[in-house]
Amino acid sequence: MITKDKIDEYIEKIPPAPKALRETLSLLNDGELIKASKIAQSDLALAKYLKNLVNKPIYGFSNEITDISQIFGILGVSSSQQTIYNYMTTLLSPSKWVLFGLNTKSFHELQARLSKKWEMILKHLNIEDKNITSSITLLPASIIVAEALFCEKIEDVELLRSTKQLDYNTILTRLCGLGIFDICEQIATKWEMPKEIGEIIQASSGLKPSPNEIINTLAKWMHLLLFYELSQPIFIEAGLNDFVDFQIDFVDDIYDDFARFMEIE
Amino acid sequence: MRAVVKNGIGLFTPQGFLDANSSSSFLSIDDIEATAALDVDMILVSLKRVVFFNKNGLDIFIKLFSKVRQKNQATVGFCDYDERKYKAIHTFYQDKLNFSLYKTIDVAYLFSSSFQNQNKNVLVYSEDRSQRSAMAIELHDNGHNPIIAQTKEEFKEKSSNKAAYDAIADLTYLGQMGQKIATRVTGNAIIYSISSYLDAEISNKFNIQYHNNSLNVGFRLFVFDAYKVISMNVHALNFFSKLASSGAEYNASICFVGMNFDKTTETFKDTLEDAGILFYDNIDDILKNKQLLQELGASSAANTKSKRVINKQTVTELPRFIDATVATIEMMTNSKAIKQSAEVQAIGIKDKTDKIASSIGYYGDLDGMLILVFPKGIAKKACELLIGENTDDVELILDTLAELVNIVGGKIKTLLSDQNISVDITLPRTYSNVDSLLEVIQDRKGVQVELSFNDDKFIFFLTR
């Protein structure tokens, strides 16, 4: 159905991060928000994405923000970096979704929800680290990977899944010895993302806990946040709720804190 | 959301958070009706991967449950939960629990009339005495051996010896049970448990499709366990008379055991006997009498009526049957499946040792039976994707082989429908050794194809 060769071919085809993005990230890393915004402004697709994203209701700005330097200024270094990485992830997304009932708008909505809530969670956990802030951006890449690898095998997958409750990650791991989160980690490496981003994403699968206790705790919050969002009607209806298995035992020790934080009755 | 159907249970597995907003997106009436249309005994929602639920969320499922119950009488409810969730559901609904709760899906299987693995020793406990009895009765009707713990202390003591039981059914609640007639297979006899008043409803409750499929795949002895029947009316009498007549074409025997005619006119018995139905006092009078079993046809599951030759239409469509098998094996193993040879013959298995098999029947515009015979180790390899672990558990391997052949059946159905040929498939059947397979197909001729993947050979056999 899907072979290791096909996965290698997929990873091979992922382009390196565009020059403009690398420069923007580098300047953000140096705290040069103005210079970074000028570079970002020159990439029209990036500029449009940034405007659309930050003007979503979840960002809570009362007036429309159109100027990139203003966007970076309001977001600050961490959130600006996170937004650039979010944009990089969208470069992988298909022009037309086939396996999942998503479109550009709903995918951006998922990115925005995850990113904003992740920031709030980090604040709650008293963590201030721009790389950790950005780690959430790679999580939706897992959905893109599943879409890309399985979109031509929908009938087979449906037949298989009508017989046994198997998620895409399990199918891929059993067939090729490589799971969706392994591929995401490889994407992080290819894009020269900070190492901890790949580590947190890998651990957030709930299947390969990290020996680093801090990364593991972050991974638990990320795993639970993902399923909190995938329990929203828009994403259930898109067929995302069971694309990977929810590891309920993995998040057991942080659930009460999460529920209080999210004000779940 | 789609249900996974196994052992007569349609199971939905939502993940994450269930509230009023999400529940209606998880499950729609269309999802439920599509599952009910597969003639399932139960429709359950697993709470295994649900970290949070509230009453509003469950209410939406329960409303859907009540609609499906009104329509097709399936048992409905939840499964796969811990004690905390079980207590929460009881607190939400208190004495208005009209759905069922099963601690795990494996416990639910024991209560499904389509579950083929009978004779399980099941430890039963509920704080509610009437629930304890109801569970024991249902389990017994389904061919299991319930052992009731009467007190919590007794349950604790007994359940500490887990090895003594095949399953432990606690934290389980039987709401309104399905109205379908429990069915179990003992050797080559099929036993239906019927109870109470038998009237016109019997034709709705009785799964005639299952019965016909059983005739088609070779069963010849059908026993109605009628100990709990109070009386029957003329509609039920007509139903059983017709059933006996149609079974006669297959040379099938239909027996009633334990039927009491105190409240049913004796002339009904004469009518049924005239239709060919036999009456016995005890089930053991049949099952423990080898000579009688032989006379009644249960010593062999051969299907005499349908011992038919492979016809032209089947041969024309043969490539599609092979394609479906090859495509499934390739999908499951990620390796190329190759056709080695094909011949029309009675099934030929040179070395019978360590081989297992699975079959699936199809009927409609075309009819017949597809059989796959694997060396045990090769079956394990072919099922690796579904099993996901290294195991020597034969029951698990057979169970998974049935899933594999079910996928093949699904593919056959799709490929044939592309040619405007409409077929339905039966439930898969497995054979733990070649002899039990040969008992069913005997010397019937068919097309035998040797197939291989990764140099591992297995047999494809298509017969009618």
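Pulling in residues and values, what's your account of the overall build of chain A?
From N to C terminus, chain A includes 15 helices and zero strands. Relative to the compact-globule value of 18 Å for 265 residues, chain A shows a C-alpha radius of gyration of 18 Å, a close match. Seen along its three principal axes, the alpha-carbon backbone of chain A occupies a region of about 55 × 40 × 35 Å. Out of the 265 residues in chain A, the part that is buried amounts to 58%. Total accessible area computed for chain A in this model is approximately 11300 Å², and 48% of it derives from carbon and sulfur atoms. Counting 26 positive and 37 negative side-chain charges, chain A places the averaged centre of each group 5 Å from the other.

A description of the packing of aromatic side chains should follow, citing residues and the corresponding values.
Evaluation of the coordinates by the stated rule reveals 36 aromatic pairs over all chains. Ring centres of Phe240(B) and Phe256(B) lie 5.0 Å apart, and the angle between their planes is 80°; this geometry places the pair in the edge-to-face category. Highlighted residues: Phe240(B) in helix 10 (residues 234-248) and Phe256(B) in strand 14 (residues 253-257), separated in sequence by 16 residues. Side by side, Phe240(B) and Phe256(B) carry an identical accessibility label, which is buried. Aromatic ring contacts, followed pair by pair, group Tyr192(B), Phe206(B), Phe222(B), Phe224(B), Phe239(B), Phe240(B), Phe256(B), Phe261(B) and Phe279(B) into a single cluster. The side chain of Arg161(A) reaches across the aromatic face of Tyr168(A), ending 4.6 Å from its centre. Against the face of Phe279(B) rests Lys269(B), its NZ or CZ located 5.4 Å from the ring centre.

Summarise the environment of Leu33(A); cite the residues concerned and give the values.
All names here are of chain A. The residue Leu33 is located in helix 3 (residues 33-42) in this model. Spatially, the C-alpha atom of Leu33 lies 23 Å from that of Leu138, the residues being 105 residues apart in sequence. Once residues within four sequence positions are removed from consideration, Leu33 is found in contact with Leu28, Phe72, Gly76, Val77 and Ser80.

Before we move on, can you summarise empty space enclosed by the protein with the specific residues and values?
All names here are of chain A. One pass over the full model with this rule turns up two cavities of 30 Å³ or more. Quantified by volume, the second largest cavity comes out at close to 40 Å³. Along the walls of the second largest cavity sit Pro15, Pro16, Ala17, Pro18, Leu91, Leu92 and Trp191, which together make up its complete lining. Split by residue class, the lining of the second largest cavity holds seven nonpolar, no polar and no charged.

Tell me about the pattern of salt bridges, and name the residues and values.
In the structure shown here, the tally under the stated rule is 34 salt bridges over all chains. Residues Glu229(A) and Lys117(A) are paired through a salt bridge, measuring 2.6 Å at the closest nitrogen-oxygen approach. Note that Glu229(A) is positioned in helix 13 (residues 213-230) and Lys117(A) in helix 6 (residues 104-124), a separation of 112 residues in sequence. Judged by relative accessible area, Glu229(A) falls into the buried class, the value being 0%. Given the relative accessible area of 16%, Lys117(A) is considered buried. For Asp392(B), the salt bridge is made with Lys380(B), and the minimal N-O distance between the two is 3.0 Å. Here Asp392(B) is found in the loop between helix 16 (384-387) and helix 17 (394-418), whereas its partner Lys380(B) is found in helix 15 (residues 376-382), with 12 residues between them in sequence. Owing to a relative accessible area of 66%, Asp392(B) belongs among the exposed residues under this scheme. By sharing partners, the salt bridges in this structure join Lys56(A), Glu109(A), Arg113(A), Lys117(A) and Glu229(A) into a single network.

Can you tell me about the sheet that holds strand 7 (residues 100-102) of chain B, naming the residues and giving the values?
All names here are of chain B. Reading across from one edge, 1-2-4-6-7 is the order of the five strands in this open sheet, with mixed pairing throughout. The open sheet has two edge strands, strand 1 (4-6) and strand 7, and neither has a second partner. Taking the axes of each pair of neighbouring strands and ignoring which way they run, one obtains an average angle of 30° across the sheet. Of the strand pairs in this sheet, strand 4 (residues 42-46) and strand 6 (residues 75-79) are connected by five bridges, and their pairing is parallel. Its bridge partner being in strand 6, Leu44 is matched across the sheet by Gly77.

Explain the pairing of strand 14 of chain B to me, and be specific about the residues and the numbers.
Residues and elements named next belong to chain B. Within strand 14, five of the five residues are buried, which leaves it mostly tucked inside the rest of the structure. Here strand 14 shows no split at all, with Ser253, Cys255 and Val257 on one side and Ile254 and Phe256 on the other all buried. Summarising the sheet, strand 13 (residues 221-232) and strand 14 pair through five bridges and their orientation is parallel. Counted as the bridge partner of Val223 is Cys255 from strand 14. Bridge count between strand 14 and strand 15 (residues 278-280): three bridges; the pairing is parallel. Each bridged residue has a counterpart across the sheet, and for Phe256 the counterpart in strand 15 is Phe279. Each parallel crossover has a hand, and for strand 14 linked through helix 11 (residues 266-274) to strand 15 it is right-handed.

Before we move on, can you summarise helix 4 (residues 83-93) of chain B with the specific residues and values?
All names here are of chain B. Residues of helix 4 that are buried include every one of Lys85, Tyr86, Ile89 and Tyr93, and no others. For helix 4, the arc enclosing every buried residue in end-on projection is 105°, short of the 170-degree limit, so these residues lie on one face. Of the exposed residues in helix 4, those oriented more than 90 degrees away from the buried face are Arg84 and Thr91. Its buried side turned inward, helix 4 meets strand 5 (50-53), helix 3 (55-72) and strand 7. Positive phi appears at Gln94, one or two residues downstream of helix 4, with a value of about 45°.

Break down the sheet that holds strand 8 (residues 121-124) of chain B for me, citing the residues and quoting the values.
Residue and element names in this part refer to chain B. In space, the three strands of this open sheet follow the order 9-8-10, with parallel pairing throughout. The sheet terminates laterally at strand 9 (145-148) and strand 10 (167-169), the two strands that pair on one side only. Strand-to-strand twist across the sheet, computed as the mean angle between neighbouring axes with direction ignored, equals 30°. Relative to strand 10, strand 8 is paired through three bridges, and the arrangement is parallel. Of the residues in strand 10, the one forming a bridge with Leu123 is Ile168. This element, helix 6 (residues 129-141), spans strand 8, strand 9 and strand 10 of the sheet and lies at about 165° to strand 9.

Talk me through the interface of chain A and chain B; I want residue IDs and the actual numbers.
With 35 residues of chain A at the contact, the number on the chain B side is 35 residues. Across the chain A to chain B interface the summed buried area is about 3000 Å²; carbon plus sulfur atoms make up 60%. Applying the counting criterion to the chain A and chain B interface returns four salt bridges. One salt bridge in this structure joins Lys164(A) and Glu403(B), with 3.8 Å as the shortest N-O distance. Inspection of the chain A/chain B interface yields 14 residue pairs in polar contact (both at pLDDT 80 or more). Of all the secondary-structure elements, those providing two or more residues to the side of chain A that touches chain B are helix 9 (154-163), helix 10 (168-176), helix 13, helix 14 (233-237) and helix 15 (255-261) of chain A. Broken down by element, the residue count for the side of chain A that touches chain B peaks at eight residues, all from helix 9 of chain A.

Describe the side chain of Lys85(B), listing the residues and the values that go with them.
Looking at the element boundaries, Lys85(B) is found in helix 4. Despite its burial, Lys85(B) pairs with no opposite charge; the closest candidate is Asp82(B), at 5.2 Å N-O. Among residues more than four places away in sequence, those in contact with Lys85(B) are Ile248(A), Leu47(B), Lys48(B), Val50(B) and Phe53(B).

Criteria and thresholds
Note on numbering: residues in each chain are counted from 1, in written sequence order. Key to labels: chains lettered from A, ligands numbered from 1, both in the order written. At least 70 in pLDDT is required for a residue's local features to be given in this predicted model, at least 80 for side-chain atom pairs to be given and counted, and no such filter applies to totals for whole chains, interfaces and linings, which use all residues. The side-chain quantities take in all heavy atoms of the structure and omit both hydrogens and water. A run of H or I in DSSP counts as a helix once it spans at least four residues, and a run of E counts as a strand once it spans at least two, with each numbered from the N terminus. Radius of gyration: C-alpha atoms only; globule rule: 2.2 Å multiplied by the number of residues to the exponent 0.38. For every residue, the accessible area obtained with a 1.4 Å probe (protein chains only) is divided by the maximum for its type, and the residue is called buried under 20%, exposed over 50%, and partly exposed between those limits. Areas reported as accessible are Shrake-Rupley estimates using a 1.4 Å probe. Residue values count occlusion only from the protein chains shown. Counted as positive: Lys and Arg. Counted as negative: Asp and Glu, with His and the chain ends omitted from the count. Think of each charge as sitting on NZ of Lys, CZ of Arg, CG of Asp or CD of Glu. Only Phe, Tyr and Trp rings take part, Trp by its six-membered ring, and two of them pair if their centres are within 6.5 Å. Stacked means planes under 30 degrees apart, edge-to-face means over 60, and tilted covers everything else. Throughout this description, the term charge over a ring refers to an Arg CZ or Lys NZ atom that lies within 6 Å of the ring centre and within 35 degrees of the ring normal. Residue contacts are defined here by distance: any two heavy atoms, one from each residue, within 4.5 Å place the two residues in contact. Cavities and pockets are found on a 1 Å grid laid over the protein atoms alone: a cavity is a set of points where a 1.4 Å probe fits but cannot escape, a pocket is an open set with protein on both sides within 12 Å along at least five of seven lines, and a lining residue has an atom within 4 Å of such a point. Grid points are joined across faces, edges and corners, and a volume is the space filled by probe spheres set on the points. Following the grouping adopted for this structure description, the nonpolar residues are Ala, Val, Leu, Ile, Met, Phe, Trp, Tyr, Cys and Pro, the charged ones are Asp, Glu, Lys and Arg, and the polar ones are all others, Gly among them. The rule for a salt bridge is simple: a side-chain nitrogen of Lys or Arg has to be within 4 Å of a carboxyl oxygen of Asp or Glu. Two strands are said to pair when DSSP picks up at least two bridges between them. Lines fitted to C-alpha atoms define the axes, with helix axes restricted to the stretch in contact, and inter-axis angles between N-to-C directions lie between 0 and 180 degrees. Place the viewer so that the strands point away; then a crossover is right-handed whenever the path from the first strand over the helix to the second strand goes clockwise. The arc refers to the directions leading from the helix axis to the C-beta atoms. Computed with a 1.4 Å rolling probe, the buried area is the accessible surface lost when two parts are put together, summed over both parts. Think of a polar contact as two N or O atoms within 3.5 Å of one another; within protein, one of them needs to be a possible hydrogen donor and the other a possible acceptor, and neighboring residues in sequence only count if both atoms come from side chains.

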